[in-house]
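What follows is each chain in one-letter form.
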Amino acid sequence: MFFRRRARMLRWLVGGRVGPVWMWKALLFFVAIGFACQLLGVIFNKSMHTAGRSIFTSPDAQGPSLGSCQPHTHIMFLKTHKTASSTVLNMLYRFGEERDLRFALPLGYQLGYPLPFNAHRVKGYQSRGAMEYHIMGNHMRFNKPEVEKVMPADTFYFSIIRNPVALAESSFAYYKEVAPAFRKAKTLGDFADDPRKYYDPRLRNNHYARNLLLFDFGMDHNDNFSEALAQRAEKMIRQTFKLILVSEYFDQSMILLRHALCWPLDAVVSFSLNARQQKPSIPGGMSASWVGKVATAAGVAGKGGRSQAKTATNITEDQREKLRQWNALDWHLYKSFNQTFWEEIHRFGHPQMEEEVALLRMRREDLARVCLRDGGKPVEAHRIRDKNIRPYQSGLVKILGYELQPGLDNATRMSCLRMIRPEIQYKDVLDAKQFLRPLAAQPQPVQQNQGPMVAGSSLLRQDSPRTGGRLVGGEAGRRTVEEVERDWARSRSMRRNQTLIGEPDKG
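Report on the accompanying structure.

Criteria and thresholds
Residues numbered from 1 in each chain as written. Predicted model: local features only at pLDDT ≥ 70, side-chain atom pairs only at ≥ 80, totals over all residues. Heavy atoms only, no water. Axes fitted to C-alpha atoms, helices over the stretch in contact; angles between N-to-C directions. Helix = DSSP H or I, 4+ residues; strand = E, 2+ residues; numbered from the N terminus. Parallel < 35°, antiparallel > 145°, perpendicular 65-115°, else oblique. Left-handed = near helix turned anticlockwise from the far one by under 90°. Contact = heavy atoms within 4.5 Å. Nonpolar A, V, L, I, M, F, W, Y, C, P; charged D, E, K, R; others polar. Disulfide = S-S within 2.5 Å. Buried < 20%, exposed > 50% of the residue type's maximum accessible area, 1.4 Å probe, protein only.

**Examining the packing of helix α10 (residues 227-240) against helix α14 (residues 328-348)**
- Interhelical geometry of α10 versus α14 gives an angle of 50° and a closest axis separation of 10 Å. When the axes of α10 and α14 are compared, the pair comes out oblique. Where α10 crosses over α14, the two elements pack in a sense that is right-handed. Contact residues: α10 offers E227, L229, A230, Q231, A233, E234, I237 and R238, while α14 offers L329, H332, L333, S336, F337 and T340.
- Of the residues that constitute the contact of α10 with α14, the class distribution is 7 nonpolar, 4 polar and 3 charged.

Okay, structure coming up:
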């Protein structure tokens, strides 16, 4: 009886005073939906904050403690060719941009290369000590007295080298249409069998075909090998450069560099830039992961940290030995500084090195998951939707790039963009920022049938991004008046410095 009365009272209240039952059901349904949306929103925001915005400010970004040292901000990096140096330069660009440091930028894209560096090749340079420059890292042929006019006395000098056989393979693919010696040879094997048949030291751009490392360090790369000459070159490098990295052991190199510069871990975490597309079958037993494949393409070690001296070309061991003999001065430098490199690791401590390399690789994977589409798999340039981050194409191979993950917040997107921005576009951004002018609209890249942009060349790719300057020579040339004037001065200088055509071959 009691329960029947209560039930009649509840029906009377709901039906007569407060509203029909269906209205209550609808109200409860919408309240439940609202609560669920709010809960999902909290979870989503927390997920985005954890995976995106906070990843660059998390404790993992700093890495293991470096003690009480202060970060180096005066840095000179000799950017050697085909040694994963574009990836290193990207680190310097990021570090400097994030801290508003001043770069010693070139007037164009290289600091007068292949001529010996001159201080007046630095944009804005007036005289020694007139302006403080923090970072110098674009391609140059090293010339210490001129570099010292630009950089402060406490500058940290470092560079990177690579096995000359792997370097020759990469150079042959990249500079095939630029270096006459490579252009004449059908394959790298043909060149290796008889280099003197194809090589003429008097021809422009043939420096890419012999002892390229020694040339970049500013020394005569055409001298015949002697132990005394090789040791003298080694001594000159050691007197100036405090650290020589080895591209085959790229991750270990980054740990040594981090400790030498007293930088946070994120400053030396990178994605390989300017990496070449490889054939499906790559000698050397690299990991099947995208990190391993790109590391091979860039000429660096994969997750195993082992040297990958083998190349993607079908050359015999006898031809490899011939390339070592042809590049004997570079081979001496590589062996000597590779030994020094492992002595540094021994002093550092192998257990600690293994631990920090593991942290670096873990951090790289974490950043790839946040920053890069499809887990960071590199893609061909024409498949990159944002045309402003398509890598420059040159030679016979395709240069790969990356796509950003969609939906990133602005701060995370900017940090991720810095890590994948190609060298040419990044230089333009820094130039515009440092000299306070807006970036010119960048033309759409043409990805096929384009010649490479090389030092001293009178033609540039149509899609090379430029900043400012009146164009001359029609659309095909797409060169500014300033560039024409520089090329005119360069050609006069080149005529004074080059060997005369009529002189005998030095061998």
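Right, picking up where we left off after that structure.
**Some thoughts on the state of the cysteines**
- Counted by the stated rule, this structure contains 2 disulfides.
- There is a disulfide in this structure between C371 and C416, and the S-S distance comes to 2.0 Å. Taking the torsion about the S-S bond as the criterion, the C371 to C416 disulfide, at about -65°, is left-handed. Taken together, the residues C371 in helix α15 (residues 350-371) and C416 in helix α16 (residues 410-420) connect sequence positions 45 residues apart.
- Note on C371: relative accessible area 0%, which makes it buried.
- In the protein chain, the cysteines engaged in disulfides, taken in order along the sequence, are linked 1-2, 3-4.

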